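Reading the structure
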Amino acid sequence: MSEYNDPSTTLTLPSPPLDSISSIRYHPTNPDLLLVSSWDAADWLVGQHTLLPSFTRPHPSLYLPPAARPPAYLRPCTPRLANPYAPSNSNVKTVRYYESGDIPPNSGTGRQSEQKAKFDHRAPVLACTFNEDGSRGYTGGLDTGVRELDLNTERITHLGTHSDSISSMAWSKASNNLITGSWDRTIRFWDPRSPTPSTSGGAPSFQTSSYSTPERIYALDLVGNTLVVAMASRLFHIYDIRKM
């Protein structure tokens, strides 16, 4: 059995993220292209029990009942001491668009791997996905915003927001919609082609519908018209999106 870092069977992509990778999605038609979302290098802050990043990374204790959480996590985290080892651009979180090369790199045409684009975000990104033809990507994370990434021009379009962090998303080929799940206990549908003007004079929204769930959403996936949603408290629901 080959080692995972055997250069004859594995490939390391250039310019990797600077912190934990949260999601990887392959292009729907080209297996050499992939979208990678990351926490990247957050500014670490000294807390009472451990180090916390400035844009609050969910500590495992947050999934416990409030009475069982350590005292440090019962109140908002405030800056105390920035990590001296954090890079100067550590407030930038990224989604990266890669094309993988040959394995091993000098085989065949010798095509090298490359980072084709990098999209900066204000906060750690927890979820990403492609649209049907792979010309655009979509992202969501701790800043609650849903964004569309034009992978050719590197333009970012803000589609709207949840009221809490976005944990997962999927693209529906059947309805041509983006579906997002959030810790705000909602599933939301978005149509990037049809903005709805704001009644208050603000930015238009691309959200078409929203559905409440009994718990925070941690993961969702879609096959055809069947949407499966996994939630806190060990719950999961199965939906037919044609009836939503």
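Our structure is the block above this text.
Residues numbered from 1 in each chain as written. Predicted model: local features only at pLDDT ≥ 70, side-chain atom pairs only at ≥ 80, totals over all residues. Heavy atoms only, no water.

**Quick notes on the pattern of salt bridges**
For the structure shown, the criterion picks out 11 salt bridges. The salt bridge partner of D120 is K118, with a shortest N-O separation of 3.2 Å. Look at the salt bridges and you will find they share partners, linking R122, D143 and R147 into a network. (Salt bridge = Lys/Arg side-chain N within 4 Å of Asp/Glu carboxyl O.)

**Let's talk about the pairing of strand 10 (residues 156-161)**
The pairing of strand 9 (residues 145-150) with strand 10 spans five bridges and is antiparallel. Counted as the bridge partner of E148 is T157 from strand 10. If you look at the hairpin formed by strand 9 and strand 10, you'll find five residues sitting between the two strands, and E154 has a positive phi there, around 65°. (Pairing = 2+ DSSP bridges. Helix = DSSP H or I, 4+ residues; strand = E, 2+ residues; numbered from the N terminus.)

**Thoughts on the nonpolar core**
Membership of the largest hydrophobic core is limited to 12 residues, which are A170, I179, I187, F189, I217, L220, L222, L227, V229, M231, Y239 and I241. Breaking this core down by element, the ones donating at least two residues are strand 13 (186-190), strand 15 (217-223) and strand 16 (226-231). For L222, the contacting residues outside a window of four places in its chain are A170, W171, S172, I179, L227 and I241. Among the nonpolar cores identified, the runner-up in size contains 11 residues, and L33, A117, F130 and L151 belong to it. (Core = buried A, V, L, I, M, F, W, Y, C linked by side-chain atoms within 4.5 Å. Buried < 20%, exposed > 50% of the residue type's maximum accessible area, 1.4 Å probe, protein only. Contact = heavy atoms within 4.5 Å.)

That is the geometry; function is a separate question.
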